[in-house]
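# Working through the structure, step by step
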Amino acid sequence: MSGGGPRSVDARLALGAVMAWLLLAWSTGRSPRTAVLVAVVAVAGAAGAMLLRRAPTLALVGCCVAIVLLPAAARVAQARASPLARLARAHTPVTLEVSLDGDPHALSATGPSGVTRMAVDASAVAVHLGARRVSLGGALVVLGPAAPWLGLLPGQRLLVDGRLQPPLDAASTAVGLSTSQPPELLGRPPWWQRAAGRVRSSLRRAAAVLPEPERGLLPGLIDGDTAGLDPVLSDRFRTAGLTHLVAVSGTNCSILLGAVLLVLRRVGARRWVCTVAGLLVLVGFVVVARGSPSVLRAAVMALIALVALASGRPRQAIPALAAAVLGLLLWSPPLAVDAGFTMSVLATGALVAIAPVWAVWLRLRHVPVFVAESLAVAAAAHLVTAPVIAAISGQVSLIAIPANVLAEPVVAAVTVIGFLAALLAPLWLAAGTVMAWLAGLPCRWLVFVADHAGSLGGAALPWPGGLGGGLLLLGVLLVLGVLLRHGGLGRAVAAVVMLAALAQVPLRSVTPGWPPDGWVMVACDVGQGDGLVLPAGPGSAVVVDAGPDPVPMDRCLHGLGVTRIALLALTHFHLDHVGGVLGVLHDRPVGRVLVSPLDEPEEGVSLVRSALAARGVQAEVPAVGASFTVGQTRLDVLGPASAFHGTRSDPNNSSLVLRATVHGVRILLCGDAEVDAQQALLDSGTDLRADVLKVPHHGSAYFDRAFLAAVHARVAVISVGLHNVYGHPAPSLLRELATLGLPVRRTDLDGDVAVLAGAAGLATVTHAPP
């Protein structure tokens, strides 16, 4: 075979890794025979090239493809033919013995049932058939109610009753196991997982000394534990392009290992001591941050970055990166279609191959060293990952580069001090608390950057999603790169395009005509739930219900310019009405809180109590006939006289029913009151007349015609989620509103709905949220 220098071999290995990766991604989800056929062709090509002693690139690429695809095809074929897969295809109810592979994590609420679901990766160990125990293996994703699962550690063995189902994704071989029962614990997790769990829980206790949101942010920065992270802040980190800071990444690993090796070298430790210490730190990091594929990937990438840094020759990391990609794909073929893996590899490649060149170019133009390196790193990592992010999120961050440059100076400090807190807290909580307090200082800067950058209306530019959108952005970036390299007119055109993109930040931060003048109520588009806002003065509002998700609720209030909640009324405790309470309270003081007389379901009650207790606020149950005047808004409590019991849905029927009067416009807010509650109001003789009706229970079929007619409304507003599984709004309800001659506005079709009062009477204005 013809030779070539080291750089030639490096390039061939990198090309081989890329081709193996692309072909594995292409064959994922297809028949294993497809992967075998591709691998056979690759082997034949490689063998021919080696026999003819020509085309060394083809030989190396063929070997790489075969090494990855053949084992992957064999594993997929084995998984699809396994007894577990056959049981899943039959949707078999089973009693399964499983071992957890990760931490259970909560999903969004499934609906107004008020039960949060969770998902966790696991491995099947055995199936119990009566008194028989039959061993079997295979990957699982367990879905069930969150309460009995959250807090369980990886490695824990469990006995679970549930129903198997085939993989939801053609690219996955992990079958589903749906359960509604709490698991039975079998023994204890391994000692190292118990130790890691103690470190993580001790760090959470140490971080309790910090105020929100730093309290929830610090564990996320250190070990990837984002359970306590403010969801609104998490969304702003994502919009600002800073998500990698709160997801375990190579950055954490590199900083930690770099700090340890620096100290050891300063004290004169020998090379083997440094190597052993580095490996121990790396293993400990992987265990504490959990040995999921993303964590292992981060550890490998961090090791590569350290090797490149220590050698002083960054381009030597390219073959190491290629070898790491091949090894990780061989170990876990599903990584080929994992977006996180893709972004990690692309970012690492950019940092070792592109960023140093750009940093030198900037330094030659008299840019200070620190600024040049920060800009080069942030720009290289963002630009190579932007097409992937656009494909999966449908948006492009316009402020990721400046946000990362601003955040970078404190990342190392918070990482090192935070890890010291994590190590000390299990042994000496007081010392760990002191270190956590110190780590909280740079955390505040990260919160400041993410909060301000991520809340800009134009921070992210909408972009077509999916593969087509990703390729489109890649094409745009390549064209801009070519124009910049050719100088003159090309650079001028590229500069105009980039300035036009950056101009979107201030232009899109201001939405013309929103909020509209004279608005008396806004129904926020929060999905399948209720989130209503009434004006109470400049920057102040009355909020009735908080929707199911904090992020859209905060987005709506931010768009209306609301900085203070004068009064918060939560009509009942179903999660589609209280799940977004943290979004309402994010950076907003709250004056008074009214709640339903029925403390059910428990999950919603606990969420509200916890959120209010953290802010020193007490909720109260208002009496029928009570009145509350806040600014230009007056709230009258019409019902219920007492909590309902024994109805189709006691929490729904126990909803607070309120009448708001704003600038003379009467608005009836019914929560999710159903037939029993509606009839009780009619029987009590309550005056239900209003100009605007917030239709009860998202327009469900559980309504009383006489109740709707008694309102004599001029406009009906339905707060409902698009394509919801409940069939809301019900066709029968829509027909009844049409019979009454009521114009209807729906958040699922119209977005945010504002009701206006003016000289010409009532009007509505809609606003599509981003």
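Calculation notes
- The numbers attached to residues start from 1 for each chain and follow its sequence in the written order.
- The model is predicted, so local features are restricted to residues of pLDDT at least 70 and side-chain atom pairs to those at 80 or more, both for listing and for counting; the totals for chains, interfaces and linings are taken over all residues.
- In computing side-chain values, all of the structure's heavy atoms are included and hydrogens and water are not.
- The convention used is that axes are lines fitted to C-alpha atoms, helices contributing only their stretch in contact, and that angles between N-to-C directions extend from 0 to 180 degrees.
- We count a stretch as a helix when DSSP gives it H or I for four or more residues in a row; a strand needs E for two or more, and each element gets its number in order from the N terminus.
- Angle categories: roughly parallel below 35 degrees, roughly antiparallel above 145, roughly perpendicular from 65 to 115, and oblique for all the rest.
- By definition, any crossing whose near helix is turned counterclockwise from its far helix by less than a right angle is left-handed, and any crossing with a clockwise turn is right-handed.
- For this classification, Asp, Glu, Lys and Arg are treated as charged, while Ala, Val, Leu, Ile, Met, Phe, Trp, Tyr, Cys and Pro are nonpolar and the rest, including Gly, are polar.
- Any two residues having at least one pair of non-hydrogen atoms within 4.5 Å are treated as being in contact.
- Each helix should span, by expectation, one fewer than its residue count multiplied by 1.5 Å.
- The bend reported for a residue corresponds to the angle between axes fitted to the seven residues ending at that residue and the seven starting there.
- Exposure is judged per residue with a 1.4 Å probe applied to protein chains only, and the accessible area is read against the type maximum: over 50% gives exposed, under 20% gives buried, and values in between give partly exposed.
- Disulfide: a pair of cysteine sulfur atoms within 2.5 Å of each other.
- At least two bridges found by DSSP between two strands are what make those strands a pair.

Turning next to the packing of helix 16 (residues 400-424) against helix 17 (residues 429-454). Where helix 16 contacts helix 17, the two axes come as close as 8 Å, and the packing angle between them is 160°. Considered as vectors, helix 16 and helix 17 are oriented roughly antiparallel to each other. Between helix 16 and helix 17 lies a crossing of left-handed hand. The residue inventory of the contact of helix 16 with helix 17, partitioned by class, reads 21 nonpolar, two polar and no charged.

All right, on to the packing of helix 6 (residues 214-223) against helix 16 then. Orientation of helix 6 relative to helix 16, taken along the N-to-C sense of each, is 95°, at an axis distance of 9 Å. In terms of orientation, helix 6 lies roughly perpendicular with respect to helix 16. Of the residues in helix 16, those in contact with Leu218, Leu221 and Ile222 of helix 6 are Val414, Thr415, Gly418, Phe419 and Ala422. Its residues placed into classes, the contact of helix 6 with helix 16 shows six nonpolar, two polar and no charged.

Here helix 15 (residues 369-393) is 25 residues long and its end C-alpha atoms lie 34 Å apart, about the 36 Å a rise of 1.5 Å per residue gives. In helix 15, a bend of some 45° at Ala386 exceeds every other bend along the element, and Pro387, a proline, comes one to four places later. The set of residues buried in helix 15 consists of Ala372, Ser374, Ala376, Ala378, Ala379, Ala380, His382, Thr385, Ala386, Pro387, Val388 and Ala390. Considering only its buried residues, helix 15 is in contact with helix 13 (339-353), helix 14 (355-364), strand 9 (395-397), helix 16 and helix 18 (466-485).

This part is about the state of the cysteines. Per the stated rule, a full pass over the model turns up one disulfide. Disulfide pairing places Cys524 opposite Cys556 at an S-S distance of 2.1 Å. Around the S-S axis, the bridge from Cys524 to Cys556 shows a dihedral of about -70° and counts as left-handed. Of the two residues, Cys524 sits in the loop between strand 11 (519-523) and strand 12 (532-535) while Cys556 sits in helix 21 (residues 550-559), which places them 32 residues apart along the sequence. Like Cys524, the residue Cys556 is buried in the burial classification.

Before going further, it helps to spend a moment on the sheet that holds strand 13 (residues 540-544). An order of 16-15-14-13-12-11-24-25 is seen for the eight strands of this open sheet, with the pairing classed as mixed. The open sheet terminates on both sides in strands that have one partner only, identified here as strand 16 (619-620) and strand 25 (761-767). Judged from the four bridges that link them, strand 11 and strand 24 (residues 752-758) form a sheet pairing that is antiparallel. Counterpart to Trp519 in the pairing with strand 24 is Leu756.

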